[in-house]
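As a plain string of letters, each chain reads:
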2 protein chains.
Amino acid sequence: MTIGLQQLLGIELPIIQAPMAGVQGSALAVAVTNAGGLGSLPCAMLSLEDLAKELAVIREQTDKPYNVNFFCHKTPQPDLARESQWRATLTPYYEELGIDASRIQAGPGREPFGPEVLEVLEAFKPPVVSFHFGLPSPELLAPVKAWGAKVLSSATTPEEALWLEAQGVDAIIAQGYEAGGHRGMFLTNDLSAQMGTFALLPQVVQAVSVPVIVAGGIASAQGVAAAMALGAAGVQVGTAYLLCSEANTSAVHRAALKSEAAHHTALTNVFTGRPARSIVNRSVKELGPINSNAPEFPLAVAAMAPLRTAFENKGKGDFSPLWAGQNVSGCREIPAAELTRSLVARQTY
Amino acid sequence: MTIGLQQLLGIELPIIQAPMAGVQGSALAVAVTNAGGLGSLPCAMLSLEDLAKELAVIREQTDKPYNVNFFCHKTPQPDLARESQWRATLTPYYEELGIDASRIQAGPGREPFGPEVLEVLEAFKPPVVSFHFGLPSPELLAPVKAWGAKVLSSATTPEEALWLEAQGVDAIIAQGYEAGGHRGMFLTNDLSAQMGTFALLPQVVQAVSVPVIVAGGIASAQGVAAAMALGAAGVQVGTAYLLCSEANTSAVHRAALKSEAAHHTALTNVFTGRPARSIVNRSVKELGPINSNAPEFPLAVAAMAPLRTAFENKGKGDFSPLWAGQNVSGCREIPAAELTRSLVARQTY
C-alpha cells in the first residue's frame, strides 16, 4: 500500500485545484487551500516580480500547503518561415479587424521553469511544486526536492507515468483526454495516444507505485467517488472552478462556459502551438482544431494576441483561448471553498 | 427514479456483452447470457440464413434474455471517383503482395437493418434489440417494439441521447471515446465532439430519464463500480471478452491484443470508411488514422479485403481491423462466464 495522498501533501481533502494559467492567481489558490484542498498557483505566465508578489500573498493568507505549477517545455528556436506562414494564415482576420500586422512583435508567451524562477522560489520554499510537459533537468529539480517540496507532474500515457516515476516524482497526475487546457504529453506528439480517463487511470495505477491523482472530466462528488473506485488517490479539478468568484476568468470566457457552446470542446493548437482543450469558437472552427502552420509552442501566441484583444474589445471570444474540459456540468458561480467541499460531500475521508 | 436496468431487461447482472461483429457469434452471447449478463449477437455481417441459424442456436441453448444488434446506417451510393482514388491509395500494397486489383469486386460489407432482417427476427422475437448509428425508420422499429422487444441504441453525445429518448428507446448506451470498434455517432461527423466516458456518462444521465448503460474503458469490477458511481444503470463491456474461448477473435487479433501494440489504439476510418477504434497496425500508421480517400461506410471494406487476407495468410495483422478499446487490461483467456462474474465480484446487486 502506498502512502496516502493527504498525508504526503499535508492536506485534509484529496482535491487539487488544477493550476490554470491566465485565468486565476493566488486568490483561487488560497481559497481552495484554506478549504482543505490543495490550491495551485499557475506560474507559466507570471513575470519573476509577479511570481514573488503572488507567493507573498499566499504565504500571508494561509499557513496550509499549496502548489506552484510550471511548464517545462524546451524554448523553441524561432522559425521565420513558419511564423510567416502563420501570419499569412491569419491575414484575413487582421484585415477584417483593421490590424497592422507589421507591428506585431514575435516572441514567446510562456517561459519554462529555469534558474531565475528557482531563485525566486528558494525564498519561499513552496511545499508542493507541479510540472506540465515533463520535468525540468535534474540540476533544476534537485534544489526543489532539497527544500522538501513534493514534486508532481502530469502523465497522459502509462509510459509517461513510468518515466516520471523513474525521475523521482512524489505523485503522478494522470491527465485524461477529457481535461481542459494543455495536454501534458511529453513523450509523444501523437494525439491518438491520448486516453480517456476511464482507460488511463487504472492503467497508470497499475503501472506505478506512487500515488495517482486523476484529472479530466471530474466535476462532482460522484465523479470523485468514481475516480477513487478506479484507484485514484486524489482528484485534480479545473473546469469546475472557472466560474468561482476567486477566478480571474474573463467575461467572454465566463459567457462561453455558461452557453451551449461549452458542450463542444476540441484539442486545438491554434492558440499556443500545443494541443490544448478549448471550447470551439470561431478561430478553432476556421483555423483548426489542428493547424500545421501554427508555430511551435508557445510561439503561436504572438500572432494571435492582437486578434484576441481586438475581438475581446468588441465583447467577443472568437479568438480567445476558452479553456474548458469536456464536462462543464460542475461549473457554478459559488465561492471556491464551497465548490471544494461539495466535491467530497458524499464521502468521508 | 427510473426503472432498474435488470428489471427492464430481465437480467441478473448489470453487464451487457458488447456486440462485436466479425469476432463473435452465438457462442459468446450464450455464455454471457447463461452467466446472468446480457449476451449479444452482432448481426451486421450475417446473411439472412446465418442470422436465422444463430438465432436458433441461441434459443436452443438458453431461455434467458439476449440481445441482437444491428447497424442502421444509410446504404451509400457508390462513388466511382472516390473508389478509384481509394484503390490508387492502396496500389503500392497490391503490388507488394502481388494482388491483381482488377479482380477486386466493389460492394458493401455491412447491411443495415431492413425489412428482410425484420422478417427473420419476427420468427424469433428476440427480447432485446440494440442498434448502432442511430435507429431504423419508425416503420421498421414499430414491429420490433410490438413483439415486446426492449430497444437500445448508442449515443456519443448528450444530443444523440436526447434524440434517441425522443424516438422511444428503452435504454441508452453512452459510448465513451475509449470504446473499441465503431463510433456510434449519428448526429455529427465531427470526431472532436466525441467525449471520454468520465465526461459523457454524467451528462447523458442528467439529460435523459431512461436507464443509461455505459461503454468505453471499463474492464474490471472497479470500473463497473466507478460507472455506477457516475450514475450508470449498467455497463457494456466488449474488449475484455476478446480473448475468451467463446469469441472467434482471429489469431492475428489475439496476438495483437496480447502484445505491447495493444496499448496504442486510434479512431480510424481505413477499414470500413467510418471512424472505429483499432489497435494501430501498419495500415492505420501508413494510411490513417483518418484517410480522406476512404469511401463512405461500408464501401471502404472491399478494396481492403484482399490485403487483409493476403497479410493474414502470412500470419500478419497489418491490414486487419484489430478492434480494441483503450483499456485492454481486462482481456483474459478465461471462459466468458467467469469474466462476466468477475466484473461484479466486488458488488452485490
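Computed from a prediction, not measured in an experiment: that's the story for all the values here.

Thresholds applied
Residues numbered from 1 in each chain as written. Chains lettered and ligands numbered in written order. Predicted model: local features only at pLDDT ≥ 70, side-chain atom pairs only at ≥ 80, totals over all residues. Helix = DSSP H or I, 4+ residues; strand = E, 2+ residues; numbered from the N terminus. Rg over C-alpha atoms; globule rule 2.2 N^0.38 Å. Buried ≥ 20, exposed ≤ 12 C-beta atoms within 10 Å, placed from the backbone. Contact = placed C-beta atoms within 7 Å. Nonpolar A, V, L, I, M, F, W, Y, C, P; charged D, E, K, R; others polar. Pairing = 2+ DSSP bridges. Least-squares fit on C-alpha atoms with pLDDT ≥ 70 in both. Domains from an automatic or database assignment. Core = buried A, V, L, I, M, F, W, Y, C linked by C-beta atoms within 7 Å. Axes fitted to C-alpha atoms, helices over the stretch in contact; angles between N-to-C directions. Left-handed = near helix turned anticlockwise from the far one by under 90°. Right-handed = clockwise from strand over helix to strand, strands pointing away.

## Quick notes on the overall build of chain A
Phase 1: On a plain count of helices and strands, chain A comes out with 13 helices and eleven strands.
Phase 2: Computed over the C-alpha atoms, the radius of gyration of chain A is 19 Å, within 12% of the 20 Å expected from 2.2 N^0.38 for a compact globule of 349 residues.
Phase 3: For chain A, the spread of C-alpha atoms along the three principal axes comes to 60 × 45 × 40 Å.
Phase 4: Residues classed as buried in chain A amount to 58% of the 349 residues present.
Phase 5: Considering only contacts within chain A whose residues lie at least 6 apart along the sequence, 67% involve residues at least 24 apart.

## Structural notes on the interface of chain B and chain A
Phase 1: Between chain B and chain A, the contact holds 33 residues from the first and 33 residues from the second.
Phase 2: Elements represented by at least two residues in the side of chain B that touches chain A include exactly α8 (197–207) and α9 (221–229) of chain B.
Phase 3: Ranked by residue count, the leading element in the side of chain B that touches chain A is α8 of chain B, at six residues.
Phase 4: Here the residues of the side of chain B that touches chain A sort into 14 nonpolar, 18 polar and one charged.

## Some points on the sheet that holds strand β7 (residues 181–182) of chain B
Residue and element names in this part refer to chain B.
Phase 1: Pairing within the open sheet is antiparallel, and its three strands lie in the order β7-β11-β10. At either end of the open sheet lies a strand with only one pairing partner, and these are β7 and β10 (265–268).
Phase 2: Relative to strand β11 (residues 276–279), β7 is paired through two bridges, and the arrangement is antiparallel. Paired with G181 across the strands is R277, a residue of β11.

## Let's talk about the environment of P211 of chain B
Phase 1: Its location among the elements puts P211 of chain B in the loop between α8 and β8 (212–215).
Phase 2: P211 of chain B gets classed as buried once you count the C-beta atoms within 10 Å, which come to 23.

## Side note on the relation of the copies chain B and chain A
Phase 1: Superposing chain B onto chain A takes a rotation of 180 degrees plus a shift of 0.0 Å along the axis, which leaves an RMSD of 0.0 Å. Seen this way, the second copy is the image of the first under a two-fold rotation axis. Taking C-alpha positions as reference, the residue of chain B nearest the rotation axis is A226 of chain B, located at 2.0 Å.
Phase 2: Looking at the interface residues of chain B, 100% of them are also at the interface in chain A, so both copies use one shared face.

## Regarding the domain arrangement of chain A
All names here are of chain A.
Phase 1: Entries for chain A in the domain assignment read domain 1 (1–73 + 111–258 + 331–349) and domain 2 (76–109 + 263–328).
Phase 2: A straight line from the C-alpha centre of domain 1 to that of domain 2 covers 25 Å.
Phase 3: With 23 residues of domain 1 in contact, the opposing surface of domain 2 contributes 20 residues.
Phase 4: The set of elements that each furnish at least two residues to the side of domain 1 that touches domain 2 consists of β7 (181–182) and α10 (251–257).

## Remarks on the nonpolar core
Side chains of a nonpolar character, in soluble globular proteins, are inclined to be buried together.
Phase 1: The biggest cluster of nonpolar side chains holds 238 residues, and the ones touching the most others in it are I172 and I213 of chain A together with I172 and I213 of chain B.
Phase 2: When residues no more than four places from it in sequence are discounted, the contact partners of I172 of chain B are S153, A155, A161, L164, E165, V204, V208, V210, V212 and I213 of chain B.

## Here's the deal with the sheet that holds strand β2 (residues 40–42) of chain A
Residue and element names in this part refer to chain A.
Phase 1: With parallel pairing, the eight strands of this open sheet are ordered in space as β1-β9-β8-β6-β5-β4-β3-β2. The open sheet has two free edges, formed respectively by β1 (15–17) and β2, since each of these has just one partner strand. In this sheet, adjacent strand axes meet at a mean angle of 25 degrees when their direction is disregarded.
Phase 2: Taken together, the four bridges between strand β4 (residues 128–132) and strand β5 (residues 150–155) define a ladder with parallel strand orientation. Bridging across to β5, V128 finds its partner in K150.

## Observations concerning the packing of helix α7 (residues 158–166) of chain A against helix α8 (residues 197–207) of chain A
Residues and elements named next belong to chain A.
Phase 1: Two elements in contact, α7 and α8, have axes separated by 9 Å at closest approach and are oriented at 35 degrees. Crossing of α7 against α8: the hand is right-handed. Here P158, A161 and L162 of α7 come into contact with α8, specifically with Q203, V204 and A207.
Phase 2: A per-class count over the contact of α7 with α8 returns five nonpolar, one polar and no charged.

## Considering the pairing of strand β3 (residues 67–71) of chain A
Residue and element names in this part refer to chain A.
Phase 1: Burial within β3 is extensive, with five of its five residues counted as buried.
Phase 2: Residues of β3 alternate between two faces, with N67, N69 and F71 on one and V68 and F70 on the opposite face, all of them buried.
Phase 3: Chirality of the crossover, the property in question, places the unit of β2, helix α3 (residues 48–61) and β3 among those that are right-handed.
Phase 4: Across five bridges, the pairing between β3 and β4 is parallel. Counterpart to F71 in the pairing with β4 is H132.

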